[in-house]
Amino acid sequence: MAIEFELNGETVSLEVDPAMPLLWAIRDIAGLTGTKYGCGKALCGSCVVHINGQPMRSCVTPAATAAGSVVTTIEGLSADGSHPVQVAWRELNVAQCGYCQSGQIMSAVALLERSPNPSDDEIDAAMSGNICRCGTYTRIRKAIHKVAEDQS
Amino acid sequence: MSELRKISRREFMKRTGQAGGGLVFALSFASACQPEEQAVGPAAKASASVAPNVYVNMRNDGIVEIYCHRSEMGQGIRTSLPQVIADELEADWDKIKVIQAIGHEKYGDQNTDGSTSIRQHFDLLRNAGATARDMMIAAAASVWGVPAEECVAREHAVHHEASGQSAGFGDLVDTAIGMPQPEKADFKDRKDYRYIGKPMDTIDGMAFTTGGAMYGTDTVLPNMLYASIERCPAFGGKVVSFDDTAARAVAGVTDVIRMPDPTAPLVFNVLGGVAVLADNTWSAESGRKALQIEWDQGANAEHQSDTYKEALVASASAPGTTVLNRGDADIATDSEFEAVYYAPYLSQAPMEPPAATARVNEDGTCEVWACTQDPQTARDVVAGTLGLEKEQVTINVTLLGGGFGRKSKPDFIAEAAWLARETGRPVKVTWTREDDIRHGYLHSVSAQYFKAGMDADGKTASWLQRTSFPSIASTFAPGVTGPAGFELDLGLLDSPWHVPNMRIETCDAVAHARIGWLRSVCNVFHAFGACSFVDELAHVKGMDPKDHLLEIIGPARKIDPKDDGGEYTNYAQDLEKHPVDTGRLAAVAEKVAEMAGWGRELPEGRGLGIAVHRSFLSYTGAVAEVSVDENGKLVVHEMWTCIDAGTVVNPDRVVSQMEGAGIFGMSIALHGELTARNGAIVEGNFDAYPVVRMSEAPEAIHCHIMESDAPPGGVGEPGVPPVAPAIVNAYFAASGKRIRELPLRNAGLT
Ligand code: FES
Ligand code: FES
């Protein structure tokens, strides 16, 4: 069955089982590997993408859910890595191995869109679904605050 | 909306095999799965190049290619390794291109393990840069007809001051071709370093923030199959029979194949089981769930964590084999204090699970793309699995989404290679998180016994320490019954305490799981035990824990465990060059205490705890500030860390490793525990095997790097060992309660 949606500004039609998690549809069928697998059970946030602007864990979201909606992955955040969150992430050298950072950035972007100047508590609440095994949390907090400051 | 693109699995695969054009995203990523090409740096057009050594290739368009032969797993080696080479080479940072090397003996040691990348390669890398520099100088001197000694290299060019001539590196390449490769060259003076010691930005920063970074999970090859493997719940068990009817009925499943049975010792061989192959990951996993398998659970089917714990504690509580002896630890003393500490099995759980892709070519050669910490061993293991010569195997190293020791074991790579040959198609094997946590190489469970004797004036006069844990050696050789070999180096034989009578013993523990190493290995539990016990002694003696720590470290001196019969190998380094220096350990203790404002007034229910440890030739310390509320919730508010790693290359990456070690150590202290039941690991994912999340992360993790011109020590691992005991000691300071078993959540504290 073909599922049609907008992926990073482009309309795509993916021939997949509607029950296939969007994560695998994006990675294995559409070929966008920036969205990562970390747990497959909505426990780690590596797979976060935006569906109609909302951060969603694509590992537990059936591909069918995306039909007719707008899906943004890390690759679609900006054409050249110039989104303020991406820039702040580089300025503070947040990433260690980098594997979790697609999900971290997508969650942070959604948080900042909702709350442009979040408190530490808001950050903790919004970002606690994203595990970083390398332990970059304190830099992520700083980077989110930096985006807020730079934008204000 | 823009033009509609129809993407079917078949079309995607077809397109990924093409050389250009087509689907926007698929192609750029397919080409990027050649990690030799996973290069960072300017694109350029060179018609010729010269390689002064295997690490450097000078191109005539002025670009310098630097081969990173160590694996990148978050420690920043793809940045710091080029820093060293470029510095000696006098290359401009924006004219270097970093290329990930394949696994090949020509690069020397590539096993990215033991925190060795800088500490064991610093001079080698400096020499690689310096000889390349001298080659450029020799080329310029021959062009200009002047003595090489009169020429200097600076800012990507060679200059002859007397005649005012200059030539860029690129312009000298054609002349340098065919010139002798210098083997040795003089190094720069430390004060002239341009990049070494500077916090250079991560070279992969753009890839990390745009989804372009290619990990082991991300390889896509034309015509590739995706595999998911069901393995025996109990370690070492075998398939008796299986029914794959339902699995084969899952759409997308192409094949179901029984893996070869495991043979002991397991080393890095495949673990057996049944593989389901499909044209996408989800079908492979769905097919796998539909398998019906009857297992012979094998020799470890009775393994239970609760009874094993009792056995370990009993083993550590009885005399064992003496591995170090100073004076007479049984000497009569004024008073005695003893304690037993226990720490469970752990999983490395890197964010990216093990994943590898292999292709067996028509000529029988095999090519692999994998997130491996050890590509040369991977090459040997794949060659062994397929019955090939290692020259017939190519291992391309992708980025690693974390490693922590797990990815230096290439069993998952052997699986991919074996399946690629069986199916005749490229195969990607991706472990699920459950596979990773249940079927990995576990960090040892351990029990430790300590007894100290105090003389009349309260000084520690005797120290008896016993350690019992299943050995990593059991994974590699049959008949291993307890701690062995290099494990005794890891925070045991180099005990820094200034106690006149000391005996250290190892006690038996037979392995019932595949044991492997995890970030800082046995240092984790040895530091937990020793630094907790030292803290306990402070309270027994009524002393301030920091003052007592400094007292028991004692005067600055260099320890040689051999003096007391300890067969100590000092992380494979010379004790002259890298002594066990208690003065440096004490300095770290003083510094980290000062940073934390040790001794300041704290509100009720809050406490500070301190611990220090030497591992991988570096000295680290941690102070944690914790509080416990009336519901028993423990919060780590802030952490201060200090490291003396000798000479450091990239201070920002050192700080980030210490920050990461703080969180990793917190996960060990608060949450980490694997439980065996009927030979199988119960926990499977981050719900049952929690790790620290943002909400638990301290407000800040401070790090101070000690100024030092000593040779470099390790950085990736040494930050971990002091963290758990610092937290446990802080909890005692906050609550008056002593915890001797990890993780703290078992005491209801999280
Ligand atoms: S992979 Fe989706 S939350 Fe972990
Ligand atoms: S940077 Fe490695 S898991 Fe977050």
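Residues numbered from 1 in each chain as written. Chains lettered and ligands numbered in written order. Predicted model: local features only at pLDDT ≥ 70, side-chain atom pairs only at ≥ 80, totals over all residues. Heavy atoms only, no water.

## Here we look at the sheet that holds strand β30 (residues 700–705) of chain B
The strands making up a sheet are joined through hydrogen bonds of the backbone, oriented either antiparallel or parallel.
Residues and elements named next belong to chain B.
So, step 1. Taken together, four strands build an open sheet; the order of strands is β25-β26-β27-β30 and the sheet is mixed. Bordering the open sheet on either side are β25 (606–615) and β30, each of which pairs with just one other strand. Along the sheet, successive strands turn relative to each other by an average axial angle of 15°, direction set aside.
So, step 2. When β25 meets strand β26 (residues 618–628), the two strands line up antiparallel, connected through ten bridges. (Pairing = 2+ DSSP bridges. Helix = DSSP H or I, 4+ residues; strand = E, 2+ residues; numbered from the N terminus. Axes fitted to C-alpha atoms, helices over the stretch in contact; angles between N-to-C directions.)

## Examining the packing of aromatic side chains
So, step 1. A complete count under the given rule lists 17 aromatic pairs over all chains for this structure.
So, step 2. Relative to Y37(A), the ring of W24(A) lies with its centre 5.5 Å away and its plane at 35°, an arrangement referred to as tilted. Separated by 13 residues along the polypeptide, W24(A) in helix α1 (residues 22–29) and Y37(A) in the loop between α1 and β3 (48–51) bring together distant segments of the chain.
So, step 3. Take W24(A): its relative accessible area is 6%, and that puts it in the buried class.
So, step 4. These aromatic residues form a ring-pair network of at least three members: F337(B), Y341(B), F450(B), W463(B), W497(B), F528(B) and F533(B).
So, step 5. For K309(B), the ring lying beneath its charged end belongs to Y342(B), and the centroid distance is 4.8 Å.
So, step 6. The ring of W431(B) has R406(B) lying over it, and the distance from NZ or CZ to the ring centre is 4.9 Å. (Phe/Tyr/Trp six-rings, centres within 6.5 Å; stacked < 30°, edge-to-face > 60°. Buried < 20%, exposed > 50% of the residue type's maximum accessible area, 1.4 Å probe, protein only. Lys NZ or Arg CZ within 6 Å of the ring centre and 35° of its normal.)

## Things to note about unusual backbone geometry
All names here are of chain B.
So, step 1. Residue P265 is bonded to the preceding A264 through a cis peptide linkage, with omega at -10°.
So, step 2. Secondary-structure assignment places P265 in the loop between β11 (253–258) and β12 (274–278).
So, step 3. In the segment running from L742 into P743, the intervening peptide bond is cis, with an omega of -5°.
So, step 4. Within the fold, P743 resides in the segment after α17 (723–735).
So, step 5. The phi dihedral of A349 falls on the positive side, at around 45°, and the residue is not glycine.
So, step 6. Secondary-structure assignment places A349 in the loop between β15 (335–343) and β16 (355–360).
So, step 7. At N678, a residue that is not glycine, the phi angle is positive and equals roughly 50°.
So, step 8. Mapping N678 onto the fold places it in the loop between β28 (676–677) and β29 (680–681).

## Overview of the nonpolar core
So, step 1. Grouped together as the largest cluster of nonpolar side chains are 212 residues, with contacts concentrated most on L419(B), W463(B) and W497(B).
So, step 2. Counting residues in hydrophobic clusters, the runner-up holds 47 residues, among them A128(B), M136(B), F169(B) and V649(B). (Core = buried A, V, L, I, M, F, W, Y, C linked by side-chain atoms within 4.5 Å.)

## Brief notes about the pattern of salt bridges
Residue and element names in this part refer to chain B.
So, step 1. Within this structure, the stated rule accounts for 52 salt bridges over all chains.
So, step 2. Linking E367 and R359 is a salt bridge whose minimum nitrogen-to-oxygen distance equals 3.1 Å.
So, step 3. Linked through salt bridges whose partners overlap, the residues forming this network are E230, R231, R288, E415 and D435. (Salt bridge = Lys/Arg side-chain N within 4 Å of Asp/Glu carboxyl O.)

## Concerning the domain arrangement of chain B
Residue and element names in this part refer to chain B.
So, step 1. The domain boundaries assigned to chain B delineate domain 1 (36–189), domain 2 (221–299 + 354–430) and domain 3 (305–346 + 441–747).
So, step 2. Distance from the C-alpha centre of domain 1 to the C-alpha centre of domain 3: 41 Å.
So, step 3. Around 1,200 Å² of area is buried between domain 1 and domain 3 when both sides are counted, 53% of it from carbon and sulfur atoms.
So, step 4. The tally of links from domain 1 across to domain 3 stands at four residue pairs in polar contact (both at pLDDT 80 or more).
So, step 5. Broken down by secondary-structure element, the contributors of at least two residues to the side of domain 1 that touches domain 3 are α3 (77–89) and α4 (122–144). (Domains from an automatic or database assignment. Buried area = accessible area lost by both parts, 1.4 Å probe. Polar contact = N/O pair within 3.5 Å; in protein donor to acceptor, adjacent residues only side chain to side chain.)

## A word on the interface of chain A and chain B
So, step 1. Opposite the 63 residues of chain A that make contact, chain B presents 75 residues.
So, step 2. Together chain A and chain B conceal approximately 5,700 Å² of surface at their shared face, both sides included; 55% is due to carbon and sulfur atoms.
So, step 3. At the surface where chain A touches chain B, the tally comes to five salt bridges.
So, step 4. The shortest N-O distance in the salt bridge between D218(B) and K36(A) comes to 2.4 Å.
So, step 5. Our count for the contact surface shared by chain A and chain B stands at 31 residue pairs in polar contact (both at pLDDT 80 or more).
So, step 6. Elements with a minimum of two residues in the side of chain A that touches chain B: β1 (2–7), β2 (10–15), α1, α2 (84–91), α3 (101–114), α4 (120–127) and α5 (137–151) of chain A.
So, step 7. Per element, the largest residue contribution to the side of chain A that touches chain B is six residues, and it comes from β2(A).
So, step 8. Counted by class, the side of chain A that touches chain B contains 27 nonpolar, 20 polar and 16 charged residues. (Contact = heavy atoms within 4.5 Å. Nonpolar A, V, L, I, M, F, W, Y, C, P; charged D, E, K, R; others polar.)

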